[in-house]
Amino acid sequence: QVLLVESGGGLVQAGGSLRLSCAASGIPFSINVMGWYRQAPGKQRELVARIFSGGTTHYADSVKGRFSISRDNAKSTVYLQMNSLKPEDTAVYYCNALRVGQYEYWGQGTQVTVSS
């Protein structure tokens, strides 16, 4: 059974920070592309950041310089450090595990709310 379990969401004031974690099980974590997506009410789910097996990272323009994605293969965990949070960052954040051409899995999501 594949599980992606997110944690670390919550309510924070604008300018604050949060660190999301996603613990994976049931997949060969180190070879997967791991990503964080978010979905705000009434909007489509969008990519926030992803990290490839070799450590290369990619960020949405809206979060560049504020968010940082990292992975600990020994713990099968991916992190999203979010700094200088803005109200427009409010969304449900989802963890994603991708092995191109083979499978894609999603976590259940964690709510991030940034108050102004």
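The coordinates are above.
Calculation criteria
Residues numbered from 1 in each chain as written. Predicted model: local features only at pLDDT ≥ 70, side-chain atom pairs only at ≥ 80, totals over all residues. Heavy atoms only, no water. Buried < 20%, exposed > 50% of the residue type's maximum accessible area, 1.4 Å probe, protein only. Helix = DSSP H or I, 4+ residues; strand = E, 2+ residues; numbered from the N terminus. Pairing = 2+ DSSP bridges. Axes fitted to C-alpha atoms, helices over the stretch in contact; angles between N-to-C directions. Phe/Tyr/Trp six-rings, centres within 6.5 Å; stacked < 30°, edge-to-face > 60°. Lys NZ or Arg CZ within 6 Å of the ring centre and 35° of its normal. Polar contact = N/O pair within 3.5 Å; in protein donor to acceptor, adjacent residues only side chain to side chain. Contact = heavy atoms within 4.5 Å.

Peer 1: Looking at this structure, how should I read the pairing of strand S7 (residues 67-72)?
Peer 2: A regular strand carries its side chains on alternate faces of the sheet. Side chains Phe67, Ile69 and Arg71 project from S7 onto a buried face, and the interleaved Ser68, Ser70 and Asp72 project onto a face without burial. Linking S7 to strand S8 (residues 77-82), which pair antiparallel, is a turn of four residues; within it Ser76 sits at a positive phi near 50°.

Peer 1: Any chance you could explain the sheet that holds strand S3 (residues 18-25) here in plain terms?
Peer 2: Each strand in a sheet pairs with another by means of backbone hydrogen bonds, the pair being arranged parallel or else antiparallel. Ordered by their spatial adjacency, four strands build an open sheet running S1-S3-S8-S7, and the pairing between neighbours is antiparallel. The sheet is open, and its two edges are formed by strand S1 (3-7) and S7, each paired on a single side. This sheet shows a mean twist of 15° between the axes of neighbouring strands, independent of strand direction. The sheet contact formed by S3 and S8 spans six bridges and is antiparallel. In the sheet register, Leu18 faces S8, and the bridge partner there is Met82.

Peer 1: Help me understand the packing of aromatic side chains in this model?
Peer 2: Each aromatic ring pair is described using two quantities: the centre-to-centre distance and the angle formed by the ring planes. On inspection of all chains with the given rule, the structure shows two aromatic pairs. On the basis of an interplanar angle of 70° and a centroid distance of 4.9 Å, the ring pair of Tyr37 and Trp106 is categorised as edge-to-face. Here Trp106 lies in strand S10 (residues 103-106) and Tyr37 lies in strand S4 (residues 33-39), a separation of 69 residues in the sequence. Between Tyr103 and Tyr105 the ring centres are 5.2 Å apart and the planes differ by 40°, which places this aromatic pair in the tilted class. The partly exposed category is assigned to Tyr105, whose relative accessible area is 30%. Above the plane of the ring of Tyr79 lies Arg19, whose end atom (NZ or CZ) is 4.0 Å from the centre. In this arrangement the basic side chain of Arg45 is found over the ring face of Trp106, its NZ or CZ atom lying 4.6 Å from the centre.

Peer 1: I'm lost on the side chain of Thr77 in this one. Help?
Peer 2: With respect to the helices and strands, Thr77 occurs in strand S8. Of note is the side chain of Thr77, whose polar atom sits 2.8 Å from the backbone oxygen of Lys75. Excluding its chain neighbours within four sequence positions, the residues that come into contact with Thr77 are Ser21, Cys22, Ala23, Phe29, Ser70, Arg71 and Asp72.

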